[in-house]
Amino acid sequence: MFIHQVITIDGPAASGKSVAGQVLAEKLGYLFVSSGHFYRALAWAADRYKIDLSKSEVIARWLEQLSFQHKIIDSELHLFIDGQDVTSHLNDEVVNKLVSPLAAIPVVRNFLFTRFRSLADQYDLVMEGRDIGSVVFPEAKYKFYLDASPEVRARRRANQGIIDSVTQRDQQDSTRTTAPLVIPEGATVIDTSNLTIFQTHQAIEQMMEKIKILS
Ligand code: C5P
């Protein structure tokens, strides 16, 4: 059991988890963690080092010797691979393509599971992802699941100028055997499809209310 407070936010790509999570974390003074950034950093590195993703033992050996660190800079978590801050590469096209197949590999998930759990030994967290409330912190008291229609989510990514096939990633994330995207037991579901930015802030206020009530 971890000693710090953990709030989990899960949901498909571009459902608004990051914005909601960042605002919530700021309001509460918690550390915001996008677990997807960790998968993305590994996808970037796997491409860079030309790792054969079809061989679990090759990946396991690679992860064992990989220098993968995090640092908090101006209240934000930055990820470093072999000393290089990879933050600016996390939305590269090749990363968007590789990340879901990589995230379906059990040895990769186990590697990050341990990292995510250990963050709660050090910080109060708002962590967003796909399996945070279901697998990583199933015992968390406050769990949210954000959703939005596939059309709205594809439009959001396009408006961000990012080339990302969210439908394909969702399909891969929801159908994989290990830790698929599901609504975690006990999670409050919020549909952000028709919410303006103002309404999203209202939804965050609702989340805050829920947290207060459950405290
Ligand atoms: O949240 P984001 O879109 O950055 O996540 C990128 C990918 O990382 C997801 O599509 C998914 O394949 C993987 N992921 C995951 N489990 C998490 C977070 C992300 O499998 N908890």
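Structure: see above.
(A) A look at the sheet that holds strand β4 (residues 76-81). As summarised here, the arrangement of the three strands in space is β3-β4-β5, forming an open sheet in which the pairing is antiparallel. Here the strands that pair on one side only, and so sit at the sheet edges, are β3 (68-73) and β5 (84-85). Pairing between β4 and β5: two bridges, direction antiparallel. Looking at the pairing, Ile81 lines up with Gln84 of β5. Here helix α2 (residues 35-48) sits on the sheet in contact with β3, β4 and β5, set at roughly 20° to β4.

(B) The arrangement of helix α3 (residues 56-65) in detail. Of the positions making up α3, those classed as buried are Ile59, Trp62 and Leu63. Along the long axis of α3, the arc covered by the buried residues comes to 95°, so they all point the same way. Set apart from the buried face of α3 by more than 90 degrees, the exposed residues are Arg61, Glu64 and Gln65. Those residues of α3 hidden inside the fold are in contact with α2 and α5 (106-122).

(C) Layout of the site of the ligand. Of all residues adjacent to the ligand, which total 16 residues, the nearest are Arg40, Arg109, Arg169, Asp173 and Arg176. Between the ligand and Arg130 there is a distance of 2.9 Å, counted from an oxygen atom to a side-chain nitrogen or oxygen. Between Asp173 and the ligand, the recorded distance is 2.6 Å, taken from a side-chain N or O atom to an oxygen atom. Here the ligand loses 97% of its free accessible area of 450 Å² to cover by the protein chains. With respect to the detected pockets, the ligand is housed in the largest pocket. The element contributing the most residues to the shell around the ligand is α2, with four residues. A per-class count over the shell around the ligand returns four nonpolar, four polar and eight charged.

(D) Seen up close, the pattern of salt bridges. In the structure shown here, the tally under the stated rule is nine salt bridges. The residue Lys50 makes a salt bridge to Asp47 at a minimum N-O spacing of 3.5 Å. What makes Asp47 partly exposed here is its relative accessible area of 26%. Residue Asp52 pairs with Lys55 through a salt bridge whose shortest N-O separation is 3.0 Å. A relative accessible area of 37% places Lys55 in the partly exposed class. Where salt bridges share partners, they join Arg130, Asp173 and Arg176 into one cluster.

(E) Focus on the layout of surface pockets. In this structure, the largest pocket spans a volume of roughly 1200 Å³. Surrounding the largest pocket, 50 residues form its lining, Ser18, Val19, Gln22, Phe32 and Glu128 being those nearest its centre. When grouped by side-chain class, the residues that make up the lining of the largest pocket number 18 nonpolar, 18 polar and 14 charged.

(F) Spatial organisation of the environment of Ile190. Among the structural elements, Ile190 can be located in strand β8 (residues 188-191). Classification of Ile190 as buried rests on a relative accessible area of 10%. For the pair Ile190 and Gly11, spaced 179 residues apart in sequence, the C-alpha separation works out to 9.7 Å. Each residue touching Ile190, except ones within four places of it in the same chain, is listed here: Phe144, Tyr145, Leu146, Asp147, Ala203 and Met207.

Definitions and cut-offs
Residues numbered from 1 in each chain as written. Predicted model: local features only at pLDDT ≥ 70, side-chain atom pairs only at ≥ 80, totals over all residues. Heavy atoms only, no water. Pairing = 2+ DSSP bridges. Helix = DSSP H or I, 4+ residues; strand = E, 2+ residues; numbered from the N terminus. Contact = heavy atoms within 4.5 Å. Axes fitted to C-alpha atoms, helices over the stretch in contact; angles between N-to-C directions. Buried < 20%, exposed > 50% of the residue type's maximum accessible area, 1.4 Å probe, protein only. Arc of directions from axis to C-beta. Near = heavy atom within 4 Å. Polar contact = N/O pair within 3.5 Å; in protein donor to acceptor, adjacent residues only side chain to side chain. Areas by Shrake-Rupley, 256 points an atom, 1.4 Å probe, with all protein chains shown as cover. 1 Å grid on protein atoms, 1.4 Å probe; cavity = no way out; pocket = protein on both sides within 12 Å on 5 of 7 lines; lining within 4 Å. Sits in = over half its atoms within 2 Å of the grid points. Nonpolar A, V, L, I, M, F, W, Y, C, P; charged D, E, K, R; others polar. Salt bridge = Lys/Arg side-chain N within 4 Å of Asp/Glu carboxyl O. Points joined across faces, edges and corners; volume = space filled by probe spheres on them.

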